[in-house]
Every structure is written in C-alpha cells, then in structure tokens.
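Okay, here's what each chain looks like letter by letter:
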Amino acid sequence: MSIPMRWRLLDEETGATITEYTDIDGLFVDRVFPHEPLHERYTLLSCAPSGPLLTAIDGTGPTWFGNFVLEGAHVPGRPASERCEASCQECYESMEELLNVRVVGHRPAAGGSGLLDIDLEGHRRDSDNNRGGTIAPAVFGYRLLACSTANGSSEETPAGECRGIAGLFHERPDSWPPGPPLTLLGCRRRLSGSFQAELAHVRVDGTAHTMGWGQRVFGSVIATRPSNLGDDLVDVMVDARIPEPLATNDRPLWDMWRAGGPTEPNLWAELDRSDRYLWVRAAVVHRNHAPDKPADTAYHLDGQYVTDFDAFFCAIGEAVNGPGGWFGGDLFWLHENAATGGGGATPGFRLIWHNSEVARTHLVSGYDRKSWLPAVTFDDLVRYLTEDGVQLELR
C-alpha cells in the first residue's frame, strides 16, 4: 500500500522539491493560540500625570484605559511632552507599547519634587524595539499616551510625562517560543547538509500549499534512520525548529483540508473563538486562487453564528468562496479583497447578510484581548464594507 506524502519541503529560492514525507514531529504543539504576553507590573518614575492618567489617580476617571504608549525624549533640553516630527526614527525605536493597562497604585516620588511614582499592571507588546524590551533606551524621559478604546475606535490622548520607568526593561521568556526540534517522518529522499525551505501541505489531489513565513524550515540534517512507516523510507532529524508552530488541536483541520476541504458550510460554527482563528489560518493556506466571479454576482452571508470577529471571516469566506472559503482574516485583507479584488468577488459586489442581528448583538464596543486593540464592532464592519463599495443588505 502506498504511503501518503502529506508534507513537502520546497527550496526557498527555486521552489524545487527537496523532499516529501508523511508526517512531521515539531510542527504541532500543545499550546493555546493566539498566545498572551507576560503579565507584568511597571512603575512610572517621577511622573507628572495629565489627562486620563491623572483622573485614574484622583478617582474621577477609570483606573483602566486600554493600551499605553511611552515615547522616549531623546533631545537634551526638550521637554518630554514635546513630540518630535512624525518620522523621527529615534522616537520610533525608543517607543514601547503596554497592553490592557490598569493603574494599581501611586505615591510621592523621592526628593520632594511633587511628582509621583505610579504603578501600572499590563503586558508589553512584542516588538524588536530596545532589543526586545531588554535594554533601556538612552533617553531623558518619556512622553505618555493613553489609547482610548471607546466606541470601537482608538485615539491617543496625552497622559503626561515621566523621567523613567522601572520593571519594563529585562529579559523575558520567549512569549512565542519556537517548536521542538524537527523530525521528518517517512521521507522519500535522504537528505544531507543544510537547507532553507518553505513547508508545504500536500492534498490528496497532489497540490501543495505553502504555509508561510512562520512555518519555514532553516537548518541542517543531524541524523537519519530507517522509518517504521514504510520500506525505503527514512526519518530525518533536523537541527531546525518551526518559528510559529501550529496548535495540536489544529491538526484535524489540516487533515480535513488535505482530504479536499469542508464539504458543507458552517462546520466551524461549533468551534470556540481560538479554533475559529485556526480555521481561518488553514483556509488562507488552502485558498482557491480562481478569478473573481462576475460583477453581478450576489453573495449570501449566513450570519446565524457570527458571534465574534473570527466568525465573521469564516462566514464571509464561505459566502464568497463556498465551504472553507477565505475572504480575509483581518481588516487589511478584508479591505484588499473588497476594494481591489483578488479574493473571489469583483469589487462593488452585492452582499446579503442574513441574521445580521446576531452580529449586531455580539460584536460590540470594548477591548479585544485577542488583538489587544479596541474591539471591531458590527457597525465598524458595516462601515468598512460600504466604504469599500460593497452593496450591503442587512436582513
């Protein structure tokens, strides 16, 4: 019996097949996706608060204010409250963003200056700034900005300035650690040396769908052994790790798409939001790149299960491209597909959104702990679609 080859390594430069194999240890890991940054406590040192930070301290405003931006003041003698021009590279590279921030305490700063030390709790947004948040930048203080999340939009509001911050710059465990070392199981071809490859998922019809940058394989062969999966097959141990491994509960979705994909709509409906996010990730890899359908085509979005942001993309993907279809997974790709085409529908198309009241009830203003941004509301989606020329009918 022929052993199915489910995966393929493609040379990153030429696209040529390096090898095919039936399974891979180290791609699927027991982890919840998307990940959550480390919860931490920070102290704004010698702070002169204003705006929402001041009201959080004096009790006239909420202690929680969404995200918080710190911009370094790098020019000697210039007040921290004065912002440089928008293109200032030093400001950008010294900037840090804290997520889901709450004020938890304050006290007079040392030295009788009349300034305050203010304690915050939150999460640092993953970024490469300041060596990944491990090295404090060479600045003379920080300009503080609170990011409001009212009414589904984000607005930066000045919140004062401080001379320093404690608890922010230090080594952290990797919040998105790479997967374990890889073993390619049941390879058809022996490998040796090093390689830089893209990982592709092979369907039963023989088509290969590349996974993307987060699943590339850069490494070298460290050992081989005869495989238990079949004669003339080998297992290859590789000195490489997947930068962004997939969740263990993601595997059945990939098996389904390998077999041809979903055969009926709304199979995603019983999944929770994390798994709906994984569904959209699998759908984009296996998307059909067929030409956009004619301009007079009407699409019917079944809205009875649209109870979160990812559910909307599951539903609109199927409305335009059938069961398991993809029409974006975030606002950028929603705009690209709706306004410029390429996602299966000619721009200016008609979209009939059935049971739209479900999304109106569930997609409301607030803070989204998945995106760490203001929640995208039903009204936001309606506005984005209509601004991109979609002829939207709500039913």
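Here the structure is a predicted model, which means the values were calculated and not measured.

Scanning the protein for helices and strands turns up nine helices and 21 strands. Expressed as lengths along the three principal axes of its C-alpha atoms, the size of the protein is roughly 80 × 60 × 35 Å. Taking all 395 residues of the protein together, the buried fraction comes to 48%. In the protein, once contacts between residues fewer than 6 apart in sequence are set aside, the share between residues at least 24 apart is 70%.

Two numbers describe a pair of aromatic rings. These are the distance of the centres and the angle of the planes. This model, assessed by the stated rule, comprises 16 aromatic pairs. An angle of 40° between the planes, with centres 6.5 Å apart, marks the rings of Trp-7 and Trp-254 as tilted. Pair noted here: Trp-7 is in strand S1 (residues 7-11) and Trp-254 is in helix H4 (residues 251-258), with a separation of 247 residues, a long-range link. Pairing Trp-257 with Trp-279 gives two aromatic rings, centres 5.0 Å apart and planes at 70°, and the pair type is edge-to-face. Here the residue Trp-257 occupies a position in helix H4, and Trp-279 occupies one in helix H5 (residues 273-285), the gap between them amounting to 22 residues. By way of ring pairs, the aromatic residues Phe-309, Phe-312, Phe-313, Trp-353 and Phe-378 are connected into one cluster. For the cation-ring pair, Arg-216 lies above Phe-218, with the distance from its terminal atom to the ring centre recorded as 5.3 Å.

This brings us to the pairing of S1. Of all five residues that make up S1, four are buried, and the element is covered over most of its length. Of the strand pairs in this sheet, S1 and strand S12 (residues 194-202) are connected by five bridges, and their pairing is antiparallel. Its bridge partner being in S12, Leu-10 is matched across the sheet by Glu-198. In this structure, S1 lies alongside strand S2 (residues 17-21), joined through four bridges in antiparallel fashion.

Here Glu-96 lies in strand S7 (residues 96-108). There is a polar contact of 2.7 Å between the side chain of Glu-96 and the side chain of Arg-124. Within the local environment of Glu-96, its side chain forms a polar contact with the side chain of Asn-130, the two groups lying 2.7 Å apart. In contact with Glu-96, not counting residues within four places along its chain, are Phe-68, Val-69, Leu-70, Arg-124, Asn-129, Asn-130, Gly-133, Leu-168 and Phe-169.

This part covers the pattern of salt bridges. Inspection of the entire model under this criterion finds 19 salt bridges. In this structure, the salt-bridge partner of Asp-368 is Arg-273, at a minimum N-O distance of 3.1 Å. Of the two residues, Asp-368 is situated in strand S19 (residues 367-368) and Arg-273 in helix H5; the sequence distance between them amounts to 95 residues. Owing to a relative accessible area of 22%, Arg-273 belongs among the partly exposed residues under this scheme.

The next thing to look at is the packing of H5 against helix H6 (residues 309-321). Orientation of H5 relative to H6, taken along the N-to-C sense of each, is 40°, at an axis distance of 8 Å. You can see that H5 and H6 cross each other, and the crossing is left-handed. Contacts from Arg-273, Arg-276, Tyr-277, Trp-279 and Val-280 in H5 reach Phe-309, Asp-310, Ala-311, Phe-313, Cys-314 and Glu-318 in H6. Residues of the contact of H5 with H6, tallied by class, amount to seven nonpolar, no polar and four charged.

For soluble globular proteins, nonpolar side chains are generally found buried alongside one another. Ranked by internal contacts, the top residues of the largest apolar core, which has 65 residues, are Phe-312, Ile-316, Leu-351 and Trp-353. Beyond its immediate chain neighbours, meaning those up to four positions away, Leu-351 contacts Tyr-299, Leu-301, Ile-316, Ala-319, Leu-385, Val-390, Gln-391, Leu-392 and Glu-393. Counting 23 residues, the second-largest nonpolar core is a separate cluster that includes Tyr-42, Ala-56, Leu-116 and Ile-118.

Turning our eyes to something else, we now look at the side chain of Asp-119. Assignment of secondary structure puts Asp-119 in strand S8 (residues 116-124). Overall, Asp-119 belongs to the buried group, its relative accessible area being 9%. Polar side-chain contacts of Asp-119 include one of 2.7 Å to the side chain of Arg-107. If we ignore the near neighbours within four places in the chain, the residues touching Asp-119 are Tyr-42, Thr-43, Arg-102, Val-103, Val-104, Gly-105 and Arg-107.

Basis of the calculations
- Residues numbered from 1 in each chain as written.
- Predicted model: local features only at pLDDT ≥ 70, side-chain atom pairs only at ≥ 80, totals over all residues.
- Heavy atoms only, no water.
- Helix = DSSP H or I, 4+ residues; strand = E, 2+ residues; numbered from the N terminus.
- Buried < 20%, exposed > 50% of the residue type's maximum accessible area, 1.4 Å probe, protein only.
- Contact = heavy atoms within 4.5 Å.
- Phe/Tyr/Trp six-rings, centres within 6.5 Å; stacked < 30°, edge-to-face > 60°.
- Lys NZ or Arg CZ within 6 Å of the ring centre and 35° of its normal.
- Pairing = 2+ DSSP bridges.
- Polar contact = N/O pair within 3.5 Å; in protein donor to acceptor, adjacent residues only side chain to side chain.
- Salt bridge = Lys/Arg side-chain N within 4 Å of Asp/Glu carboxyl O.
- Axes fitted to C-alpha atoms, helices over the stretch in contact; angles between N-to-C directions.
- Left-handed = near helix turned anticlockwise from the far one by under 90°.
- Nonpolar A, V, L, I, M, F, W, Y, C, P; charged D, E, K, R; others polar.
- Core = buried A, V, L, I, M, F, W, Y, C linked by side-chain atoms within 4.5 Å.

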